[in-house]
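If you want the building blocks of each chain, they are given just below.
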Amino acid sequence: MMFETLKKAPADKIFALVAEFKADDRADKVDLGIGVYKDPHGSTPIMSAVKKAEHSVIGAAATKTYVGVTGNRGFCDAVSDLVFADSVPSDRIAAVQAPGGTGSLWVLFQLLKRAKPNATIYLSDPTWPNHKPMCEAVGLKEETYPYFDAETGTVKFDEMLACLDGLGPDDAVLLHGCCHNPTGANLTPEQWDKVAASLKKTGAFAIVDLAYLGFGDGITEDAYGARKLASEVPELMLAFSASKNFGLYRERAGAAIAIGKDADATAIALSNMGNIVRTSYSQPPDHGAEIVRLILTEPTLRAEWETELKEMRERMARLRQKLADAIRERSNASDFDFVAEHRGMFSLLGLTPEQVDHLKVKNALYMIGDSRINIAGIPEDRVGELADAILSAVR
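Everything quoted here is computed from the prediction, not taken from an experiment. (Residues numbered from 1 in each chain as written. Predicted model: local features only at pLDDT ≥ 70, side-chain atom pairs only at ≥ 80, totals over all residues. Heavy atoms only, no water.)

Here's the deal with the sheet that holds strand β8 (residues 205-210)
Then, number 1: Spatial ordering of the open sheet is given by β2-β10-β9-β8-β7-β3-β4, a layout of seven strands whose pairing is mixed. The sheet is open, and its two edges are formed by β2 (93-99) and β4 (141-146), each paired on a single side. Each adjacent strand pair in this sheet contributes to an overall mean axis angle of 25°, direction not counted.
Then, number 2: Note: strand β3 (residues 120-125) against strand β7 (residues 171-176), three bridges, orientation parallel. Bridging from a neighbouring strand, Tyr-122 pairs with Val-173 of β7.
Then, number 3: Running at roughly 160° to strand β9 (residues 236-241), helix α4 (residues 100-115) makes contact with β2, β3, β7, β8, β9 and β10 (253-259) of the sheet.
Then, number 4: Docked against the sheet, helix α6 (residues 157-165) engages β3, β4 and β7, running at close to 140° with respect to β4. (Pairing = 2+ DSSP bridges. Helix = DSSP H or I, 4+ residues; strand = E, 2+ residues; numbered from the N terminus. Axes fitted to C-alpha atoms, helices over the stretch in contact; angles between N-to-C directions. Contact = heavy atoms within 4.5 Å.)

Okay, here's the thing in structure tokens:
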């Protein structure tokens, strides 16, 4: 028998936590685990601009035929412009549509393996849990670079830069473009400048995971790192996701982008990305991509989307500040002030697995085992309760 040779695959910790949360019958339970934006009512809404665009897309649709191996070209062009603006000439940008940010990373990891079969890819410590197994599945060698100091809630930038300065042309480094997952601790513009200078000096190759553009400080601010690298280094790859900033989680709209040193190198990269798509999932789904294309190219819809995105961003920043203030008021200590200083959907609280389990059992507060919390999942009228629970767990 074939399946008897298999071992049971490890369960995904995030989705296992979702199942556990659903099975909990306590009325006051709070889900701070899975990474989806939630409004003040605890729902993950469809953005108004998305609803309007979707209505137009459905009304105008005349066919359901394939969109082609590289996907919706209007979407790819609009996303490339959104991310890079005028930081790099358009003839050096190759983009293919992919199923979400994860599909985009898959295409880029495959491309890296083709271009540099013996490359070592450096991941931040810590990083998004799916980065490492995806690299392993492709056959890439992985190492880590220092990133987060759990004691201070800050980036270990001097250690990070020292590691990057020691890399070479056969190395690649995966950088979080903004809103670092899981920590929420981001590089400053000045630090991005130093990263760009390091990569330019060593020849190490950069891959940027840009899953939260607009969730941090603004579209322009959040794109600073990607644009700085694009303007300084000869080659670059970037994975873009529309899941969070457009709320299109289930539509799986993403883009894998490669920047070549010139138009000829870019064309070669595009041909290889198309080949990877063909052998991976043949062709991408179009519905979400067409919604994004329409929003980004229609001025009224784009303005509405940017306003909604700003409201989401400001709500998360407000929740961060409220939680940090509530803990400080109760503890008379600044141990959790970093929560307010960080940006994006996530923060890493620095709790032990035992403390996380205590919060789940005693307070019906569900978070990932490493104490990553989804800031958007915090009920605004219960911030004080959350602060009390966290302090009771650490004392």
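Let's talk about the packing of aromatic side chains
Then, number 1: Tallied over the full model, the rule gives seven aromatic pairs.
Then, number 2: Ring geometry for Tyr-37 against Phe-215: centres 6.3 Å apart, planes inclined by 70°, an arrangement best described as edge-to-face. You can see Tyr-37 sitting in the loop between β1 (30-31) and α2 (48-60) and its partner Phe-215 sitting in the loop between β8 and α8 (219-222), a full 178 residues away along the chain.
Then, number 3: For Tyr-37, a relative accessible area of 6% puts it in the buried group.
Then, number 4: For Phe-215, a relative accessible area of 1% gives the class buried.
Then, number 5: Aromatic side chains Phe-246 and Trp-305 sit 4.3 Å apart centroid to centroid with 5° between the ring planes, which places their arrangement in the stacked category. Note that Phe-246 is positioned in the loop between β9 and β10 and Trp-305 in helix α12 (residues 299-331), a separation of 59 residues in sequence. (Phe/Tyr/Trp six-rings, centres within 6.5 Å; stacked < 30°, edge-to-face > 60°. Buried < 20%, exposed > 50% of the residue type's maximum accessible area, 1.4 Å probe, protein only.)

Considering the packing of helix α11 (residues 287-297) against α12
Then, number 1: Look at α11 against α12: their axes get within 5 Å of each other, and the N-to-C directions meet at 100°. Between α11 and α12, the angle is such that the two are roughly perpendicular. For the pair α11 and α12, contact is made by Leu-294, Ile-295, Leu-296 and Thr-297 and by Pro-299, Leu-301, Arg-302 and Trp-305, respectively.
Then, number 2: Partitioned by chemical class, the residues of the contact of α11 with α12 number six nonpolar, one polar and one charged. (Parallel < 35°, antiparallel > 145°, perpendicular 65-115°, else oblique. Nonpolar A, V, L, I, M, F, W, Y, C, P; charged D, E, K, R; others polar.)

Re α2
Then, number 1: The terminal C-alpha atoms of α2 lie 19 Å apart, and with 13 residues this matches the ideal 18 Å at 1.5 Å per residue to within 8%.
Then, number 2: Among all positions of α2, only Ala-49, Val-50, Ala-53 and Val-57 are buried. On an axial view of α2, the arc spanned by its buried residues comes to 95°, and they lie on one face. Residues of α2 that are exposed and angled more than 90 degrees away from the buried face: Lys-51, His-55, Ile-58 and Gly-59. (Expected span 1.5 Å × (residues − 1). Arc of directions from axis to C-beta.)

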